[in-house]
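Spelled out, the chains give:
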Amino acid sequence: MRFQGAIFDLDGTLLDSMGVWEDIDRAFLGRRGIPVPPDYMDKVAALSFPAAAVYTIERFGLTETPEALMREWSDMAQDAYAHRVPMKTGAGEYLAWLKQRGVKLAVATASSEDLFIPALKRHGVYDLFDAFTTLKEVARGKGFPDIYQRAAEKLGLEPAVCAVFEDLAAGVAGARTGGFIAVGVYDDHAAQDKEKIIQIADAYLFSLEQGRELL
């Protein structure tokens, strides 16, 4: 499997941050006396921040505006990303290894810059990336190829020579639809997606420490 570009999801793929978002969901909905439904995290994980806010308001009949929800979520998340969110095992080493071999690196994420930039800088990997793309730049969520296509454009590469690394089935499916090499990455918080991802992905990694086998 050869690729010239590697496009990485962040939450659950490079950053071990999904537990943070589960804590935020519990605290946010708990303030409103609402238990977290089992499918809620999966539903919002593939959405942009604004789309997740709209979905949450509609699903639970909340009276706040999307802007108010996003401010509350951001306030809760910024401290965690800036000071506590760790990287997944082997992630930093794998990024450096790819960079040394001339692979162009990009981020494709639902997270906002004020969250992920401090985290990547704290871990010393921010400067390894050639491009960053967020869902707010495209029309559709990660069940579609739009965000990966935009990231590939920024790298100056065609989809067929780019590998997309994702921990969620929706992301893997979106990458496959766009003609990318789709690589599933295991995350404890998306374990329910493992078998589905294995079926549709071009490769599956239980850890990014295995990533060198792909190139």
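Since the model is a prediction, treat every value here as computed from it, not as a measurement. (Residues numbered from 1 in each chain as written. Predicted model: local features only at pLDDT ≥ 70, side-chain atom pairs only at ≥ 80, totals over all residues. Heavy atoms only, no water.)

Undergrad: An account of the packing of helix α3 (residues 49–60) against helix α4 (residues 66–83) is needed here, citing residue identities and associated values.
TA: It is at 9 Å that the axes of α3 and α4 come closest, and there the two elements cross at 110°. Between α3 and α4, the interaxial angle falls into the category roughly perpendicular. When you trace α3 past α4, the crossing you get is right-handed. Every residue of α4 that contacts α3 at Phe49, Pro50, Ala52, Ala53, Val54, Thr56 and Ile57 is listed here: Pro66, Leu69, Met70, Trp73 and Ser74. In terms of residue class, the contact of α3 with α4 is made up of 10 nonpolar, two polar and no charged. (Axes fitted to C-alpha atoms, helices over the stretch in contact; angles between N-to-C directions. Helix = DSSP H or I, 4+ residues; strand = E, 2+ residues; numbered from the N terminus. Parallel < 35°, antiparallel > 145°, perpendicular 65-115°, else oblique. Left-handed = near helix turned anticlockwise from the far one by under 90°. Contact = heavy atoms within 4.5 Å. Nonpolar A, V, L, I, M, F, W, Y, C, P; charged D, E, K, R; others polar.)

Undergrad: Please give an account of helix α5 (residues 91–100) that cites residues and values.
TA: Regarding α5, the residues found buried are Ala91, Tyr94, Leu95, Trp97 and Leu98. The buried residues of α5 all sit within an arc of 160° when viewed along its axis, so they share a single face. Residues of α5 that are exposed and point over 90 degrees away from its buried face: Glu93 and Gln100. The secondary structure elements touched by the buried residues of α5 are β1 (5–8), β2 (104–109) and β4 (162–166). Once α5 ends, the next one or two residues include Gly102, with phi positive near 80°. (Buried < 20%, exposed > 50% of the residue type's maximum accessible area, 1.4 Å probe, protein only. Arc of directions from axis to C-beta.)

Undergrad: Can you tell me about the nonpolar core, naming the residues and giving the values?
TA: Grouped together as the largest cluster of nonpolar side chains are 56 residues, with contacts concentrated most on Phe3, Phe8, Phe129 and Phe165. If one sorts the elements of this core by residue count, α4 sits on top with seven residues. Leu135, Val164, Val172 and Ala175 belong to the second largest nonpolar core, which has 23 residues in total. (Core = buried A, V, L, I, M, F, W, Y, C linked by side-chain atoms within 4.5 Å.)

Undergrad: So what's going on with helix α8 (residues 169–177)? Which residues, and what values?
TA: For α8, the set of buried residues is Ala169, Gly171, Val172, Gly174 and Ala175. Where α8 is buried, its residues meet α7 (146–155), β4, β5 (181–185) and α9 (194–200).

Undergrad: Please provide a residue-by-residue account of the packing of aromatic side chains, values included.
TA: As enumerated under the stated definition, the model contains 17 aromatic pairs in all. Three or more aromatic residues link up through ring pairs in this structure, and these residues are Phe3, Phe8, Tyr94, Trp97 and Phe165. The ring of Phe28 carries the charged tip of Arg32 above its face, separated from the ring centre by 3.8 Å. The ring of Tyr126 is capped by Lys121, whose NZ or CZ atom sits 5.0 Å from the centre of that ring. (Phe/Tyr/Trp six-rings, centres within 6.5 Å; stacked < 30°, edge-to-face > 60°. Lys NZ or Arg CZ within 6 Å of the ring centre and 35° of its normal.)

Undergrad: An account of the sheet that holds β2 is requested, with residue identities and associated values reported.
TA: Ordered by their spatial adjacency, six strands build an open sheet running β3-β2-β1-β4-β5-β6, and the pairing between neighbours is parallel. Looking at strand neighbours, the two that pair on one side only are β3 (131–134) and β6 (203–205), the edges of this open sheet. Mean inter-strand twist for the sheet, computed between neighbouring axes without regard to direction, equals 20°. Pairing of β1 with β2, which is carried by four bridges, proceeds in the parallel orientation. Looking at β2, one finds that Ile7 is bridged to Ala106. Of the strands in this sheet, β1, β2 and β4 are in contact with α5, which crosses β1 at around 155°. (Pairing = 2+ DSSP bridges.)

Undergrad: Before we move on, can you summarise the pattern of salt bridges with the specific residues and values?
TA: Opposite charge on two side chains makes pairing possible when the charged atoms of those side chains draw close. Applying the stated criterion across every chain, the model contains 16 salt bridges. Across the pair Arg31 and Glu72 runs a salt bridge whose closest N-O atoms are separated by 2.5 Å. Note that Arg31 is positioned in the loop between α1 (18–30) and α2 (40–45) and Glu72 in helix α4, a separation of 41 residues in sequence. Glu166 is the partner of Lys142 in a salt bridge, and the nearest nitrogen-oxygen pair spans 2.8 Å. Of this pair, Lys142 sits in the loop between β3 and α7 while Glu166 sits in strand β4; the two residues are 24 residues apart in sequence, bridging distant segments of the chain. Across the pair, Glu166 and Lys142 agree in class, each one buried. Several salt bridges share partner residues, and in doing so they unite Arg31, Arg32, Glu64 and Glu72 into one network. (Salt bridge = Lys/Arg side-chain N within 4 Å of Asp/Glu carboxyl O.)

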